Amino acid sequence: METRLDTEFPVQSDGEYHIRLREGDIPPYVFLPGSPERVDLFTEIWDDAVNLKQNREFRSAKGKYQGIDMACVSTGIGTTSAEICIHEINKIGAHTAIRIGTTGSISERFMPGDLIVPVAAIRADGTSNCYVGEAFPAVADIEVVNALGEACERLGFSYGYGIMYSPSSLYIGQGRPIKPDGYWPEHARKLIGELRQMRVTNLDTDSAGQFIVGYMHGMRMGSILSVVTNRIENVWAKDDEGERRACLAACEAVKILRERDSSRKKYRK
């Protein structure tokens, strides 16, 4: 027997239960950085930047990039909190969201500082399994992917496209033992080698789940990731310039999308 319960949390006096924002607080184009500190990278780029709210891991701001209104809301680490954020920004009017994050490369194609625009992700996040069956693909919206690529071309950034792996784990689930001589099961030992055989380019903890959750909310979703380490070469980025480039490319991509959307009915705002 079906039992259908109300899905909504009570709205607070200052907005949605978790993000503390209400309709009209943000434009429909929203960036989803994982780290709350990464919000500052956007406000440094924007004109008329305004910090909005902070509750738990959800920190928000808005501003203008070359006259285009845009906003960001941080999601924390992992898809569980990102699901909450995506649901609530969609309730208050967001229709397009781009994840801004970091990633580990397992391909010789991408070194620290490069940008990766995933076209699809292998689902190992857990949250997406609550939405759809195992065979359902996690793919980025093609319009968002194309806009991100065009933005990187315009800005002269080193980037590429990839198929990535998104587990809900940073250690065992990404082929890392929890101690030098600690627990490391057979599937973890084989993971990176098998992914490389499948020509998977990189790993993060969020993109696959965000693609699914956003898609089921009728949103356009994408992701642009700064490579902070090449796991095969064991080299790491020395600064956050890759993250800054990812933020700037995302802003340029939204400018491109907004220009295209203005001539169509679907996302004309």
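Quick caveat, the model's predicted, so the values are computed rather than measured.

Participant: Got a minute to help me understand a nonpolar patch on the surface in this structure?
Facilitator: On the surface, a cluster of nonpolar side chains totalling about 380 Å² of accessible area is made up of Tyr131, Phe136, Tyr215 and Met216. Relative accessible area serves as the criterion here: at 30%, tyrosine 131 is assigned to the partly exposed category.

Participant: What should I look at first to understand the side chain of glutamate 88 in this one?
Facilitator: The residue glutamate 88 is located in helix H2 (residues 79-91) in this model. Here glutamate 88 occupies a buried position and makes no salt bridge, while the nearest side chain of opposite charge, lysine 91, is found at 6.8 Å. Each residue touching glutamate 88, except ones within four places of it in the same chain, is listed here: Glu16, Tyr17, His18 and Ile19.

Participant: I'm lost on the layout of surface pockets in this one. Help?
Facilitator: Considered as a void within the structure, the largest pocket measures approximately 420 Å³ in volume. Lining the largest pocket are 21 residues, with Arg99, Thr102, Thr103, Leu170 and Thr205 positioned closest to its centre. Listed by contribution, the elements that provide at least two residues to the lining of the largest pocket are strand S5 (96-105) and strand S10 (220-230). Tallied by class, residues from the lining of the largest pocket come to five nonpolar, ten polar and six charged. Looking at the second largest pocket, its volume works out to about 170 Å³. Lining the second largest pocket, in full, are Thr7, Glu8, Phe9, His18, Glu83, Ile84, His87, Glu88, Tyr131 and His217. Among the residues forming the lining of the second largest pocket, the class breakdown is three nonpolar, four polar and three charged.

Participant: Looking at this model, I keep getting lost on the packing of helix H3 (residues 142-155) against helix H6 (residues 241-261). Mind explaining?
Facilitator: In helix packing, the relevant descriptors are the interaxial angle and the interaxial distance, both defined with respect to the helix axes. In contact at an axis separation of 8 Å, H3 and H6 are set at 120 degrees when each is read in the N-to-C sense. As far as their axial angle goes, H6 and H3 are oblique. Crossing hand, H3 versus H6: right-handed. For the pair formed by H3 and H6, the contact residues are Glu143, Val144, Ala147, Leu148, Glu150, Ala151, Cys152, Arg154 and Leu155 on the first element and Leu248, Ala249, Ala250, Glu252, Ala253, Ile256, Leu257 and Arg260 on the second. Looking at the contact of H3 with H6 residue by residue, the class counts come to twelve nonpolar, no polar and five charged.

Participant: Please explain helix H4 (residues 186-197) as it appears in this structure.
Facilitator: The α-helix winds at 3.6 residues per turn, so residues separated by three or four positions along the chain end up facing the same way. When the terminal C-alpha atoms of H4 are compared, their 17 Å separation across twelve residues agrees well with the 16 Å that a helix rising 1.5 Å per residue should span. Residues of H4 that are buried include every one of Ala188, Leu191, Ile192 and Leu195, and no others. Taken around the axis of H4, the buried residues stretch over an arc of 75 degrees, which confines them to a single face. Against the buried residues of H4 lie strand S6 (115-124), strand S8 (159-167) and strand S9 (202-203). The positive-phi residue at the C-terminal boundary of H4 is arginine 199, with phi of around 65 degrees.

Participant: Just checking my understanding: could you explain the pairing of S10 for this structure?
Facilitator: It is a general feature of regular strands that their side chains alternate between the two faces of the sheet. The buried fraction of S10 is high, at eleven of eleven residues. Strand direction decides the pairing type here: S6 and S10, joined by two bridges, are antiparallel. Of the residues in S10, the one forming a bridge with leucine 115 is serine 226. The antiparallel pairing of S10 with strand S11 (residues 235-236) creates a hairpin that spans four residues between the two strands, and asparagine 234 there sits at a positive phi of about 55 degrees.

Participant: Would you take a moment to explain the packing of aromatic side chains for this structure?
Facilitator: The relation between two aromatic rings is expressed through the spacing of the ring centres and the mutual angle of the planes. Taken as a whole and judged by the stated rule, the model has five aromatic pairs. Pairing phenylalanine 136 with tyrosine 215 gives two aromatic rings, centres 6.2 Å apart and planes at 50 degrees, and the pair type is tilted. Taken as a pair, phenylalanine 136 in the loop between S6 and strand S7 (138-139) and tyrosine 215 in helix H5 (residues 207-216) lie far apart in primary sequence, 79 residues in all. Within the aromatic cluster, the residues linked to one another by ring pairs are Phe31, Phe42 and Trp46.

Analysis parameters
- Residues numbered from 1 in each chain as written.
- Predicted model: local features only at pLDDT ≥ 70, side-chain atom pairs only at ≥ 80, totals over all residues.
- Heavy atoms only, no water.
- Patch = residues over 30% accessible without salt bridge, like charges linked within 9 Å, V, L, I, M, F, W, Y side chains within 5 Å.
- Areas by Shrake-Rupley, 256 points an atom, 1.4 Å probe, with all protein chains shown as cover.
- Salt bridge = Lys/Arg side-chain N within 4 Å of Asp/Glu carboxyl O.
- Buried < 20%, exposed > 50% of the residue type's maximum accessible area, 1.4 Å probe, protein only.
- Helix = DSSP H or I, 4+ residues; strand = E, 2+ residues; numbered from the N terminus.
- Lys, Arg positive; Asp, Glu negative; His and termini not counted.
- Contact = heavy atoms within 4.5 Å.
- 1 Å grid on protein atoms, 1.4 Å probe; cavity = no way out; pocket = protein on both sides within 12 Å on 5 of 7 lines; lining within 4 Å.
- Points joined across faces, edges and corners; volume = space filled by probe spheres on them.
- Nonpolar A, V, L, I, M, F, W, Y, C, P; charged D, E, K, R; others polar.
- Axes fitted to C-alpha atoms, helices over the stretch in contact; angles between N-to-C directions.
- Parallel < 35°, antiparallel > 145°, perpendicular 65-115°, else oblique.
- Left-handed = near helix turned anticlockwise from the far one by under 90°.
- Expected span 1.5 Å × (residues − 1).
- Arc of directions from axis to C-beta.
- Pairing = 2+ DSSP bridges.
- Phe/Tyr/Trp six-rings, centres within 6.5 Å; stacked < 30°, edge-to-face > 60°.

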